[in-house]
Amino acid sequence: AFAAGTFGQERFVRPVDQAPNDASFLAFRTKLIAAAESRDAKFILSIIDPKIELSFGGDAGLADFKRIWKLNAAKSPFWEVFLPAIRNGGRFDRDPESRQMIFAAPYTFDGFPEDLDVFEYQAIFGSDVNLRSTPNADAPVAARLSYNIVRVDHDRSVKRKGSDEEFEWYRVETLGGLKGFVKSEFVRSPIDYRAGFQKKRGVWKMIFFIAGD
């Protein structure tokens, strides 16, 4: 009875992918993912909207995109940041100003409950993700989580070796009370990087690639 009661309090952000609702967007996204996987900087730059929004601090447009992401550099961070965003579903929504449809990816951005603080809660980004008793790949598995909403304890999380900012393991607690450590790539904030796409003059363009709130 305890297990059932605990599980009843869990909340989830389950994957949604509305891309198949628009055949032209689905075809575009398939090309886009292939281009990102092959590090095709030329293709990425060709789909950037001239007014693309890149931050809440005024960064916008193609020149700022090139400056921030340095696509032609040997170790541009763009690919590792962009691929998880674009590979994981998303939703169409109507832009209140232009009345045009915008596709926002990944699904975690628009799918998060509005009553939870996005700075405190995140979502498990995957199914059957190991929740371990200690921050170690050999540690016992306490539970397996699939898309659960979790509270992240940054103070008890473990940073990557040599990094002041990036975490390797997050200390998390589900809303049902399950506690432990999860590899950082399987935990995603709703305000992590998301990409937005809009059809302009018959061509899909990326109109924002942004993180934060």
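Here is what the cut-offs are and how they apply
Residues numbered from 1 in each chain as written. Predicted model: local features only at pLDDT ≥ 70, side-chain atom pairs only at ≥ 80, totals over all residues. Heavy atoms only, no water. Pairing = 2+ DSSP bridges. Helix = DSSP H or I, 4+ residues; strand = E, 2+ residues; numbered from the N terminus. Axes fitted to C-alpha atoms, helices over the stretch in contact; angles between N-to-C directions. Contact = heavy atoms within 4.5 Å. Salt bridge = Lys/Arg side-chain N within 4 Å of Asp/Glu carboxyl O. Buried < 20%, exposed > 50% of the residue type's maximum accessible area, 1.4 Å probe, protein only. Core = buried A, V, L, I, M, F, W, Y, C linked by side-chain atoms within 4.5 Å.

### Quick look at the sheet that holds strand 1 (residues 48-53)
Inference 1: The mixed open sheet is built from five strands, whose spatial order is 1-12-11-3-2. Each of the sheet's edge strands pairs with one partner strand only, and the pair in question is strand 1 and strand 2 (91-94). Across this sheet, the average inter-strand angle for adjacent strands is 30°, counted without regard to direction.
Inference 2: When strand 2 meets strand 3 (residues 101-105), the two strands line up antiparallel, connected through four bridges. When the bridges of strand 3 are listed, Arg-91 appears paired with Ala-104.
Inference 3: Contacting strand 1 and strand 12 (203-210), helix 4 (residues 61-69) crosses the sheet at an angle of about 75° to strand 1.

### Focus on the pattern of salt bridges
Inference 1: Scanning all chains against the criterion turns up ten salt bridges.
Inference 2: Here Arg-11 makes a salt bridge to Asp-115, at a shortest N to O gap of 3.0 Å. Taken together, the residues Arg-11 in the loop between helix 1 (2-8) and helix 2 (23-37) and Asp-115 in the loop between helix 6 (107-110) and strand 4 (121-124) connect sequence positions 104 residues apart.
Inference 3: Owing to a relative accessible area of 56%, Asp-115 belongs among the exposed residues under this scheme.
Inference 4: Between Arg-67 and Asp-59 there is a salt bridge, and its shortest N-O distance comes to 2.8 Å.
Inference 5: Overall, the relative accessible area of 24% leaves Asp-59 in the partly exposed class.
Inference 6: Within the structure, one salt-bridge network assembled from shared partners comprises Asp-59, Asp-64 and Arg-67.

### Remarks on the side chain of Arg-29
Inference 1: Considering the arrangement of structural elements, one finds Arg-29 in helix 2.
Inference 2: On the basis of relative accessibility, which here comes to 9%, the residue Arg-29 falls in the buried class.
Inference 3: Setting aside residues up to four positions removed in sequence, Arg-29 forms contacts with Asp-17, Ala-19, Ile-86, Gly-89 and Phe-103.

### A word on the nonpolar core
Inference 1: Ile-44, Phe-65, Phe-78, Phe-82, Phe-197 and Met-206 are the most contacted members of the largest nonpolar core, which totals 28 residues.
Inference 2: Discounting chain neighbours no more than four positions away, the residues touching Met-206 are Ile-47, Ile-48, Asp-49, Ile-52, Phe-65, Phe-82, Ala-195, Gly-196 and Phe-197.
Inference 3: Among the nonpolar cores identified, the runner-up in size contains twelve residues, and Ile-124, Val-129, Ala-143 and Val-187 belong to it.

### Focus: the pairing of strand 4
Inference 1: Across three bridges, the pairing between strand 4 and strand 7 (residues 149-159) is antiparallel. Of the residues in strand 7, the one forming a bridge with Gln-122 is Val-150.
Inference 2: Judged from the two bridges that link them, strand 4 and strand 10 (residues 187-188) form a sheet pairing that is antiparallel. Looking at the pairing, Ala-123 lines up with Arg-188 of strand 10.

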